[in-house]
Amino acid sequence: MSLTFTGTAMLAALISLAQILGAPATLGGTDTQQSEEGPLLRPPSARMTAAAPMEAGSPQSADTASLEREILQSVNRFRTRRGLQPLTINQKLVQVARVLCRSLMPVPALSHTDPSGRGLAQRMSAAGIPYSIAAENLYRCTGCSSPGLSAVYRWSLSPGHLSNLIDPKVTETGVGVWQEGKTICVAQEFLCPPLLRRG
């Protein structure tokens, strides 16, 4: 799914979201943006073949790490204002998100399949992350002045993205950001850990 907001409409929308989230709005410029909601995954019943080991997934810079924290805080405010528990950070999910963002930078359209052909389930398995439910939201913008607010706002407008944001079953998350020039890519992973089985 690819949508575009420009000029006054984006400015008004971001100011509204900033007011809802209680966040400062420093806006301006023209945004070209894409967002993509991820499929809701349940673990496969058959054992998956192990993929190649993941690369480090360290933050690109202090600025991108700060943006990751801003997005997490915005999502948690969004959830708690709806009576939901805030999500806790899972560093393995952060790494999965960062690696995906970096790999998608040269790709013209957002995709939940990385350039090597791995979908969310394969990337989670490669990172050694067990789950009962996993989901993913993606966002990319070029020239946006408030990418954190913009990402959460765009996700809140899409039923699929919104469902991931406010799913009461997910408890953990990881936000990854990668920037090249004026283009910023954001991935947010959502996870419900494996359910405990009784005797």
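For every chain, the first residue of the written sequence is number 1, and numbering continues from 1 onward in sequence order. Per-residue local features are limited, in this predicted model, to residues with pLDDT of at least 70; the limit for side-chain atom pairs, both in listing and counting, is 80 or more; totals at the level of whole chains, interfaces and linings are taken over all residues. In computing side-chain values, all of the structure's heavy atoms are included and hydrogens and water are not.

(A) Seen up close, the overall build of the protein chain. The helix count covers DSSP runs of H or I at least four residues long, the strand count covers runs of E at least two residues long, and both are numbered beginning at the N terminus. A tally of regular secondary structure across the protein chain gives six helices and five strands. Along its sequence from the N terminus, the protein chain presents helices and strands in the succession α-β-α-β-α-α-β-α-α-β-β. Should any heavy atoms of two residues lie within 4.5 Å, those residues are considered in contact. Here the contacts in the protein chain between residues at least 6 apart in sequence split such that 77% fall between residues at least 24 apart. Put simply, the protein chain shows about 9,600 Å² of open surface, and 56% of that area lies on carbon and sulfur atoms. For every accessible area listed, the method is Shrake-Rupley and the probe measures 1.4 Å; residues are considered covered only by the protein chains on display.

(B) Inspection of the pairing of strand β5 (residues 183-192) at higher detail. With 10 of its 10 residues buried, β5 lies for the most part within the structure. Across the two faces of β5 the burial is the same, with Thr 183, Cys 185, Ala 187, Glu 189 and Leu 191 and Ile 184, Val 186, Gln 188, Phe 190 and Cys 192 all buried. Two strands are said to pair when DSSP picks up at least two bridges between them. Where strand β3 (residues 133-142) and β5 come together, 10 bridges link them in antiparallel fashion. Paired with Arg 140 across the strands is Cys 185, a residue of β5. As paired elements, strand β4 (residues 172-180) and β5 share nine bridges and run antiparallel to each other. Bridged to Gly 176 within β5 is Ala 187. Taken together, β4 and the strand that follows it, β5, pair antiparallel across an intervening segment of two residues, in which Gly 181 is found at a positive phi of about 60°. Only protein chains enter the accessibility calculation, which uses a 1.4 Å probe. A residue is then buried if its area is under 20% of the maximum for its type, exposed if over 50%, and partly exposed in between.

(C) A look at the packing of aromatic side chains. In this scheme Phe, Tyr and Trp rings, the latter by its six-membered ring, pair at centre separations within 6.5 Å, and the angle between planes marks the pair as stacked below 30 degrees, edge-to-face above 60, and tilted otherwise. Counted according to the given criterion, the structure contains zero aromatic pairs. One Lys or Arg, Arg 82, reaches over the ring of Phe 78 and ends 3.6 Å from the middle of that ring. Two thresholds decide whether a charge sits over a ring: the Lys NZ or Arg CZ must be within 6 Å of the ring centre and within 35 degrees of the ring normal.

(D) Quick look at the confidence of the model for the protein chain. When pLDDT is averaged across the protein chain, the result is 77; 69% of the residues are at 70 or more. Predicted confidence is poor over residues 1-33, with pLDDT under 50, and the contacts of this stretch with residues over four places away or in other chains come to 72 contacts. Per-residue confidence from the predictor is reported as pLDDT, which spans 0 to 100. Contacts for the low-pLDDT stretch residues 36-56, under 50 throughout, to residues beyond four places or in other chains number 55 contacts.

(E) Representation of the nonpolar core within the structure. Residues Ile 71, Tyr 139, Trp 155 and Val 186 are the most contacted members of the largest nonpolar core, which totals 20 residues. Elements that contribute at least two residues to this core include exactly α2 (62-80), β3, α5 (147-157), β4 and β5. Examining the composition of this core, we find that five residues originate from one element, α2, more than from any other. In plain words, nonpolar cores are sets of buried Ala, Val, Leu, Ile, Met, Phe, Trp, Tyr and Cys residues tied together by side-chain atoms within 4.5 Å.

(F) Here's a closer look at the pattern of salt bridges. Take a side-chain nitrogen of Lys or Arg and a carboxyl oxygen of Asp or Glu: if they are within 4 Å of each other, that pair is a salt bridge. For the structure shown, the criterion picks out four salt bridges. Residue Glu 136 pairs with Arg 123 through a salt bridge whose shortest N-O separation is 3.0 Å. With Glu 136 in strand β3 and Arg 123 in helix α4 (residues 120-126), this residue pair connects regions lying 13 residues apart in the sequence. The class of Arg 123 is buried, set by a relative accessible area of 3%. Close ionic contact of Asp 167 with Lys 169 constitutes a salt bridge, the shortest N to O distance being 3.5 Å. Note on Asp 167: relative accessible area 9%, which makes it buried.

(G) Summary view of the environment of Ser 145. Positionally, Ser 145 belongs in the loop between β3 and α5. Taking the C-alpha atoms as reference points, Ser 145 and Lys 182, 37 residues apart in sequence, are found 9.5 Å from one another.

(H) Main features of the packing of α2 against α5. In this analysis an axis means a line fitted to C-alpha atoms, helices contributing only their contacting stretch, and an angle means the value between N-to-C directions, from 0 to 180 degrees. In the contact formed by α2 and α5, the axes pass within 9 Å of each other and the chain directions differ by 40°. Compared by their axis directions, α2 and α5 come out oblique. Two packed elements cross with a definite hand, and for α2 against α5 that hand is right-handed. Mapping the contact onto sequence places Leu 67, Glu 70, Ile 71, Ser 74, Val 75 and Phe 78 in α2 and Pro 147, Gly 148, Leu 149, Val 152, Trp 155 and Ser 156 in α5. Classes in brief: Ala, Val, Leu, Ile, Met, Phe, Trp, Tyr, Cys and Pro nonpolar; Asp, Glu, Lys and Arg charged; the others, Gly included, polar. A class-by-class count of the residues in the contact of α2 with α5 yields eight nonpolar, three polar and one charged. What sets the label is the angle itself: under 35 degrees gives roughly parallel, over 145 gives roughly antiparallel, 65 to 115 gives roughly perpendicular, and the rest give oblique. What makes a crossing left-handed is the near helix being turned counterclockwise from the far one by less than a right angle; a clockwise turn instead makes it right-handed.

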